[in-house]
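Secondary and tertiary structure notes
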Amino acid sequence: MNYALEKAREAGVGLLCMEGNFEFYKHAGFVLASSMKIHYHAEPEDSDVPYFLAQELIPGYWSGKEGTYEPPKGYFVAEENPDAFEKYDAQFPAKQKLKLPGQLC
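Residues numbered from 1 in each chain as written. Predicted model: local features only at pLDDT ≥ 70, side-chain atom pairs only at ≥ 80, totals over all residues. Heavy atoms only, no water.

Here we look at the sheet that holds strand β4 (residues 52–56)
Across the sheet, three strands lie side by side as β1-β4-β2; this open sheet has antiparallel pairing. The sheet is open, and its two edges are formed by β1 (15–19) and β2 (31–32), each paired on a single side. As defined by bridge partners, β1 adjoins β4 across five bridges and the pair is classed as antiparallel. Within β4, the residue paired with Leu-15 across the bridge is Glu-56. (Pairing = 2+ DSSP bridges. Helix = DSSP H or I, 4+ residues; strand = E, 2+ residues; numbered from the N terminus.)

A look at a nonpolar patch on the surface
On the surface, Val-77, Phe-85, Tyr-88 and Phe-92 cluster together to form a nonpolar patch covering roughly 360 Å² of accessible area. Position of Phe-92 relative to the elements: it lies in the segment after α4 (82–89). (Patch = residues over 30% accessible without salt bridge, like charges linked within 9 Å, V, L, I, M, F, W, Y side chains within 5 Å. Areas by Shrake-Rupley, 256 points an atom, 1.4 Å probe, with all protein chains shown as cover. Salt bridge = Lys/Arg side-chain N within 4 Å of Asp/Glu carboxyl O.)

A word on a negative patch on the surface
A surface patch of like charges, here negative, comprises Glu-45, Asp-46, Asp-48 and Glu-66. Within the secondary structure, Asp-48 sits in the loop between β3 (38–40) and β4. (Lys, Arg positive; Asp, Glu negative; His and termini not counted. Charge placed at Lys NZ, Arg CZ, Asp CG, Glu CD.)

Some points on the packing of aromatic side chains
In the structure shown here, the tally under the stated rule is nine aromatic pairs. With a centroid separation of 5.9 Å and 20 degrees between ring planes, the pair formed by Tyr-40 and Tyr-69 is classed as stacked. Residue Tyr-40 is located in strand β3, and its partner Tyr-69 is located in strand β5 (residues 67–69); the two are separated by 29 residues in the primary sequence. Among the aromatic residues, ring-to-ring pairing joins Tyr-40, Tyr-51, Phe-52 and Tyr-69 into one connected group. Positioned above the aromatic ring of Tyr-61 is the side chain of Lys-65, whose terminal nitrogen or guanidinium carbon lies 4.9 Å from the ring centre. (Phe/Tyr/Trp six-rings, centres within 6.5 Å; stacked < 30°, edge-to-face > 60°. Lys NZ or Arg CZ within 6 Å of the ring centre and 35° of its normal.)

Looking at empty space enclosed by the protein
Throughout the structure, instances matching the rule amount to one cavity of 30 Å³ or more. If you trace the largest cavity, you find it lined by Ser-34, Ile-38, His-39, Tyr-40, Glu-43, Pro-44, Glu-45, Ser-47 and Val-49. Of the residues that constitute the lining of the largest cavity, the class distribution is four nonpolar, three polar and two charged. (1 Å grid on protein atoms, 1.4 Å probe; cavity = no way out; pocket = protein on both sides within 12 Å on 5 of 7 lines; lining within 4 Å. Points joined across faces, edges and corners; volume = space filled by probe spheres on them. Nonpolar A, V, L, I, M, F, W, Y, C, P; charged D, E, K, R; others polar.)

Given below as structure tokens:
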């Protein structure tokens, strides 16, 4: 995780937002995005969304700003166009679910 964050920082990424488990990602420096005045599009603006996280990678990048996160176009492509997605997905080899040692679930 630290390696990826450093590479993002080197590439000039000033702020990183993501959905995830706060208890897991807080150790990598993530905070609730609402504490940085970044609102999650599907929730009330004043709510603390426990799964919506952010980290400022370049100090001062987000300072004094406020905004609303909207998922990228195509984020829900499988739900929006299931027939086309199924056709696309069929081009790839069948997937096999594996349970490997050390896996959480």
